[in-house]
Amino acid sequence: MDKKITTPVFPQINVPQVSDKGLPELIQDVQKRLNIQLTNYKQDYIKRRLLSRMNSTRSKDFVEYHQYLKTHPEEEEKLRNALTINVTKFLRDPDVFNLIGKEIFNSIVTAKRSIKIWSAGCSSGEEPYTYAILLHELSKAGINYNGAIIATDIDEEILKKARTGIYEKNALENLSENQISRHFEKTEDGKFKIRDHIKNMVRFQSHDLMKGVPIGRMFDVVSCRNVTIYFNEQQKKDLVKLVSESLGKDGFYIMGMSEYMSKDVEALFKPYKPMLKIFQKA
Ligand SMILES: C[S@@+](CC[C@H](N)C(=O)[O-])C[C@H]1O[C@@H](n2cnc3c(N)ncnc32)[C@H](O)[C@@H]1O
């Protein structure tokens, strides 16, 4: 078992080795309570995620954590988030990404002939590669520009997967057949490998958003979506400030559909398409 676990708030925590006593019962109950199927996941992955919640709830073993889960209803949602922490897909929220591709990217590259995008909290790469696909489609339409996509995450393991660029079919379900055949090749074991013309558009780098230091400045678009599950109110505000610092004039901030901006910092941005959680630097 891994001694180190990764959570967004406390990136590297040493956890004591715990025995597997009570683990099968816990997993069975979690599947029922959360109505999710955990048998698809590697046992090690599930254990690491459970350990992160045990650490946060100060439970010393799986039996104690199980008891905590039964007696604290609010823990269910936290556990669900912990188990799905890296969840992402290509063209997640199609309305958002289609608007970005057709309207926002188009207006930026037409005006500037260049575009700089930061996908912050990029997980296994589906989000930045989606941006690369959308940008590529612009150049196919005859618009020339210099483009750079920087993609960062705190989780080194997930970045390895992102760099490999190989995905299961279900990660691609929002893409059209046309997009799939143009930008992916099928591997021998039935997976989908992103083609080099898209892969080479994205640079992956490790970065902790909690450190408050932007990865760079003068970005045209910062996409920081579905990252703040474990951030407290102050950390969420600091993140909004960090995004504002990293954007150039009139730059765009793309948030997750269930994320929100606190009143204290909302003056840093003006609404662009607030229903789609797209804002522009004020
Ligand atoms: C649910 S995924 C979201 C992926 C993608 N942005 C999307 O919306 O589909 C959240 C990602 O945020 C990353 N993350 C969480 N806390 C972070 C932090 N402090 N700094 C950088 N990345 C973080 C996690 O490792 C995870 O890969």
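Further up the page is the structure itself.
Right, let's walk through the structure included here. Starting from 1, residues in each chain are numbered consecutively following that chain's sequence as written. Local features in this predicted model are restricted to residues whose pLDDT is 70 or higher, and side-chain atom pairs enter the listing and the counts only when it is 80 or higher, whereas totals over whole chains, interfaces and linings include all residues. Only hydrogens and water are removed before side-chain values are computed, so all heavy atoms of the structure are retained for them.

The next subject is the nonpolar core. What is meant by a nonpolar core is a set of buried Ala, Val, Leu, Ile, Met, Phe, Trp, Tyr and Cys residues, joined one to another through side-chain atoms within 4.5 Å. Each residue's exposure class comes from its accessible area (1.4 Å probe, protein chains only) as a fraction of the maximum for that residue type: buried when under 20%, exposed when over 50%, partly exposed otherwise. With 42 residues, the main nonpolar core has Phe90, Ile100, Phe105, Leu172, Phe184 and Ile278 as its most contacted residues. When contributions to this core are tallied by element, the ones reaching two or more residues are helix H5 (94-112), strand S3 (114-120), helix H6 (126-140), strand S4 (146-153), helix H7 (156-164), strand S7 (192-194), strand S8 (202-206) and strand S10 (247-255). The secondary structure listing takes helices from DSSP runs of H or I that are at least 4 residues long and strands from runs of E that are at least 2 residues long, numbered from the N terminus. The element contributing the most residues to this core is H5, with eight residues. Once you skip the residues sitting within four places of it in the chain, Leu172 turns out to touch Phe90, Tyr167, Ile180, Phe184 and Phe192. Listed in part, the 20 residues of the second largest apolar core include Ala120, Val240, Met261 and Phe269. Any two residues having at least one pair of non-hydrogen atoms within 4.5 Å are treated as being in contact.

Turning next to the side chain of Ser124. Inspection of the secondary structure assignment puts Ser124 in the loop between S3 and H6. Two N or O atoms form a polar contact when they lie within 3.5 Å of each other; inside protein one atom must be a possible hydrogen donor and the other a possible acceptor, and for residues adjacent in sequence the pair counts only when both atoms belong to side chains. Here the side chain of Ser124 touches Glu126 through a polar contact of 2.8 Å, side chain to side chain. Those residues in contact with Ser124, other than ones at most four positions away along the chain, are Thr88, Ile158, Lys161, Ala162 and Tyr167.

In these notes, residues near a molecule or strand are those with any non-hydrogen atom within 4 Å of it. Taken together, 20 residues form the shell around the ligand, and within it Thr88, Arg92, Glu127, Asp153 and Asn226 come nearest. A distance of 2.9 Å is found between a nitrogen atom of the ligand and a backbone nitrogen or oxygen belonging to Arg225. Take Asn226: an N or O atom from its side chain is 2.7 Å from an oxygen atom of the ligand. Relative to its free-state accessible area of 600 Å², the ligand is covered by the protein chains to the extent of 97%. Three residue categories are used. Nonpolar comprises Ala, Val, Leu, Ile, Met, Phe, Trp, Tyr, Cys and Pro, charged comprises Asp, Glu, Lys and Arg, and polar comprises the others, including Gly. The residue makeup of the shell around the ligand, split by class, is eight nonpolar, six polar and six charged. Surface accessibility follows the Shrake-Rupley procedure with a 1.4 Å probe radius. Residue values consider only the protein chains on display as shielding.

Before going further, it helps to examine the sheet that holds S10. One requirement defines pairing of two strands: DSSP has to find at least two bridges between them. Spatial ordering of the open sheet is given by S8-S4-S3-S9-S10-S12-S11, a layout of seven strands whose pairing is mixed. The two strands at the open ends of the sheet, each matched to only one other strand, are S8 and strand S11 (269-273). Within this sheet the neighbouring strands show an average axis-to-axis angle of 25°, counted without direction. Strand direction decides the pairing type here: S11 and strand S12 (residues 278-281), joined by four bridges, are antiparallel. Its bridge partner being in S12, Phe269 is matched across the sheet by Lys281. Under this scheme, a helix contributes an axis fitted over its contacting stretch, all axes are lines through C-alpha atoms, and angles between N-to-C directions fall in the 0 to 180 degree range. H5 contacts S3, strand S9 (219-224), S10, S11 and S12 of the sheet and is inclined by roughly 145° relative to S3.

With that settled, consider the packing of aromatic side chains. The geometry of an aromatic ring pair is captured by two quantities: the separation of the ring centres and the angle between the planes. Geometry of aromatic contacts follows a simple scheme: Phe, Tyr and Trp rings, the Trp one being its six-membered ring, pair when their centres are within 6.5 Å, and the pair is stacked under 30 degrees between planes, edge-to-face over 60, tilted otherwise. If you walk through the whole model with that rule in mind, you get 10 aromatic pairs. Between Phe252 and Tyr272 the ring centres are 5.0 Å apart and the planes differ by 85°, which places this aromatic pair in the edge-to-face class. You can see Phe252 sitting in strand S10 and its partner Tyr272 sitting in strand S11, a full 20 residues away along the chain. Summarising the aromatic geometry, the rings of Tyr253 and Phe269 are spaced 5.0 Å apart at their centres and angled 45° between planes, so their arrangement reads as tilted. Placement of Tyr253 in strand S10 and of Phe269 in strand S11 is noted, with a sequence separation of 16 residues between them.

Below, the discussion takes up the pattern of salt bridges. Here, a salt bridge means any Lys or Arg side-chain nitrogen found within 4 Å of an Asp or Glu carboxyl oxygen. Overall, the coordinates contain 18 salt bridges when judged by the stated rule. Between Lys60 and Glu64 there is a salt bridge, and its shortest N-O distance comes to 2.8 Å. The exposure class assigned to Lys60 is exposed, which follows from its relative accessible area of 60%. Close ionic contact of Lys169 with Glu177 constitutes a salt bridge, the shortest N to O distance being 3.9 Å. Under the relative-accessibility criterion, Lys169 is labelled partly exposed at 43%. What makes Glu177 exposed here is its relative accessible area of 58%. Members of the salt-bridge network, linked through shared partners, are Asp29, Arg33 and Glu76.

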